[in-house]
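# Residue-level structure breakdown
These are the residues of each chain, in order.
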Amino acid sequence: MGVLMSRRQTVERVQKVSLAVSAFKDGLREQPSTRRRAEAGTARQGTLEQEVQEGEEEAVAGPSQPEESSAGKAAWERLRDGRGVEPEEFDRANRFTPPAFIRPKRELHDDEPPDISLEQREQILNDEMCEICEVWTAESLFPCRICHRVYHDGCLRRMGYLQKDSAVEVTETAHTETGWSCYYCDNLNLLLTEEEMYSLMETLKNCKIIPGVCLTLDDFLHYKHQVHKQQFERTMPEAQEEQAALQFNALDPDKKGHIEWQDFLSHESIQLLQKIRPQNALLRLLTPKERERARTAFLALDQDNDGFIGEAECRQARHSWFRKHQKEMLSCNVSISHVGPISEGSPASSRNGKSPEKILPATKQEETSIDWSRFLRENVAYILAARPNSAALHLQPLA
């Protein structure tokens with residue numbers, strides 16, 4: 001009965017507004033002022049009734065749906081649609097229309113092991129035309145180091161994906177071994193399906209995380225504690241808190257005291273993928289370029305060409321998959337330097353000006369041997385986490 005009354009009141013209000021507009025357009029000014037005041041009072045009463053009704057509906061909805069500002073709602077919509085941190089005040093005058101991201105869908109065969117051969121190398125071919133304007137201009141195209149797409153720097157600027165600071169970075173790294181990730185591959189959140197994205201959004205809302213806002217160490221640890229308590233109904237152990245602090249430091253390589261929203265979102269996205277999807281499903285997300293880099297890394301570590309490497313060598317590759325190459329190290333002769341950026345834990349890096357401890361290769365008889373398929377399964381999450389251009393480590397490897 002309440003629903004019927006609500007609909008009837010809505011119809012009456014619409015009719016009153018329509019009559020008022022018609023009277024205004026027709027110039028019916030002969031109505032007495034008292035009648036206009038009465039109509040104004042009725043309209044004001046309708047507005048108050050509407051506000052009361054909206055308040056009652058919000059009360060029924062409960063505290064799980066707090067009132068949000070228009071900017072907050074827009075931020076959640078951008079997060080849902082995979083548009084990242086694009087601000088509302090961003091001037092899109094004379095710019096291209098941003099692409100409509102379509103989130104992936106799980107297939108029935110995703111959980112089956114894919115056939116990724118070590119011996120059969122893959123031919124890497126980039127597109128010939130710009131992904132945005134679909135025009136071919138040869139050497140002025142910048143390839144993505146993850147996928148097959150290529151871009152003009154001018155098109156990236158008009159899309160709003162290339163700002164002043166990142167323009168130099170793209171032109172300097174796109175044609176090097178370090179490479180540059182396009183706006184598709186740079187956003188790990190686009191790997192999530194709609195269901196996975198809504199699950200992540202619900203977690204962020206429950207933990208009072210605001211999209212687009214940087215997180216301090218206290219914010220990050222508080223969030224990790226809340227997530228752990230919601231999942232396991234107990235306090236997070238001290239060892240996990242220390243690991244979370246290490247992850248925060250990895251996400252803040254410049255020691256600014258906070259982590260950027262996009263880095264936090266990428267970290268949470270890859271964490272969710274690890275929890276929800278099996279390793280076989282994650283392997284299907286790898287691109288030909290990523291699979292070829294993995295082959296190169298494995299073959300470089302397999303010194304005796306028997307198809308097996310040791311656990312220490314596998315960890316060495318895992319720690320070396322992150323971070324951008326330092327400019328002074330581009331010419332260093334490191335066996336796996338071409339696979340990915342050098343990390344602090346790799347032999348080619350130094351920490352606080354001191355020589356790092358040398359990693360002595362253990363004999364394969366003293367440790368478990370790892371073949372090609374296991375190497376891929378254990379490292380697939382770290383390969384995916386290395387996609388963003390940011391210097392942050394979005395998935396800190398365990399020591």
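Residues numbered from 1 in each chain as written. Predicted model: local features only at pLDDT ≥ 70, side-chain atom pairs only at ≥ 80, totals over all residues. Heavy atoms only, no water.

The name an unreviewed UniProt entry gives the protein chain is PHF24 protein, with Nesospiza acunhae as the organism.

## With respect to the side chain of E268
Locating E268 in the fold gives a position in helix 9 (residues 261–276). Judged by relative accessible area, E268 falls into the buried class, the value being 8%. In this structure, E268 is in contact with L200, Y223 and K224, ignoring residues within four places of it in sequence. (Helix = DSSP H or I, 4+ residues; strand = E, 2+ residues; numbered from the N terminus. Buried < 20%, exposed > 50% of the residue type's maximum accessible area, 1.4 Å probe, protein only. Contact = heavy atoms within 4.5 Å.)

## Points about unusual backbone geometry
At E233, a residue that is not glycine, the phi angle is positive and equals roughly 60°. Take E233: it is sitting in the loop between helix 7 (217–232) and helix 8 (238–251). In this structure, K255 takes a positive phi of about 55° despite not being glycine. If you trace the backbone, K255 turns up in the loop between helix 8 and strand 4 (258–259). For K255, a relative accessible area of 59% puts it in the exposed group.

## Side note on the packing of aromatic side chains
Taken as a whole and assessed by the stated rule, the structure comprises 10 aromatic pairs. Here the aromatic rings of F220 and F264 are separated by 6.3 Å at their centres, their planes lie at 85°, and the arrangement is edge-to-face. With F220 in helix 7 and F264 in helix 9, the pair connects residues that are 44 residues apart, well separated along the chain. Feature note: the residues F220, Y223, F248, W261 and F264 constitute an aromatic cluster, connected by ring pairs. (Phe/Tyr/Trp six-rings, centres within 6.5 Å; stacked < 30°, edge-to-face > 60°.)

## Observations concerning the pattern of salt bridges
A side chain with one charge can pair with a side chain of the opposite charge if their charged atoms come near. With the rule as written, the count across this model stands at 15 salt bridges. Linking R106 and D110 is a salt bridge whose minimum nitrogen-to-oxygen distance equals 3.4 Å. A salt bridge links R295 to E292; the shortest N-O distance between them is 3.2 Å. Here E292 and R295 lie together in helix 11 (residues 288–301), a separation of three residues that amounts to about one turn. Residues R295 and E292 agree in their burial class; the two are buried. In this structure, a network of salt bridges that share partners links the residues R121, E122, R291, E292 and R295. (Salt bridge = Lys/Arg side-chain N within 4 Å of Asp/Glu carboxyl O.)

## Comments concerning the packing of helix 11 against helix 13 (residues 372–385)
The contact between helix 11 and helix 13 brings their axes to 11 Å, and the two run at 125°. Between helix 11 and helix 13, the crossing angle belongs to the class labelled oblique. With respect to the hand of their crossing, helix 11 and helix 13 are arranged in right-handed fashion. On helix 13, the residues touching E290, R291, A294, R295, A297 and F298 of helix 11 are W372, F375, L376, I383 and L384. Of the residues in the contact of helix 11 with helix 13, the class split is eight nonpolar, no polar and three charged. (Axes fitted to C-alpha atoms, helices over the stretch in contact; angles between N-to-C directions. Parallel < 35°, antiparallel > 145°, perpendicular 65-115°, else oblique. Left-handed = near helix turned anticlockwise from the far one by under 90°. Nonpolar A, V, L, I, M, F, W, Y, C, P; charged D, E, K, R; others polar.)

## Thoughts on the packing of helix 7 against helix 9
Relative orientation and spacing of two packed helices are given, respectively, by the angle between their axes and the distance between those axes. Relative to each other, helix 7 and helix 9 sit at 20°, their axes nearing to 14 Å. Here helix 9 runs roughly parallel to helix 7, going by the angle between their axes. Of the two elements, helix 7 crosses helix 9, and the hand of that crossing is right-handed. Contacts from F220, Y223, K224 and Q231 in helix 7 reach F264, H267, E268, Q271 and K275 in helix 9. Of the residues assigned to the contact of helix 7 with helix 9, the class counts are three nonpolar, three polar and three charged.

## Considering the nonpolar core
Ranked by internal contacts, the top residues of the largest apolar core, which has 50 residues, are L79, L204, I209, F264, W372 and F375. Per-element accounting of this core gives the leading share, nine residues, to helix 13. Looking at which domains feed residues into this core, each of domain 2 (188–276) and domain 3 (282–324 + 368–398) gives three or more. In contact with L204, not counting residues within four places along its chain, are W76, L79, I209, Y223, W261 and F264. Grouped together as the second largest cluster of nonpolar side chains are 22 residues, C144, I146, Y151 and L162 included. (Core = buried A, V, L, I, M, F, W, Y, C linked by side-chain atoms within 4.5 Å. Domains from an automatic or database assignment.)

## Some words on the environment of D153
Residue position: D153 is located in helix 4 (residues 153–159). Residue D153 is classed as partly exposed on the basis of its relative accessible area, which comes to 23%. Between the C-alpha atoms of D153 and L141, which are 12 residues apart in sequence, the distance is 7.5 Å. Filtering out sequence-adjacent residues up to four positions away, D153 remains in contact with F142 and L162.

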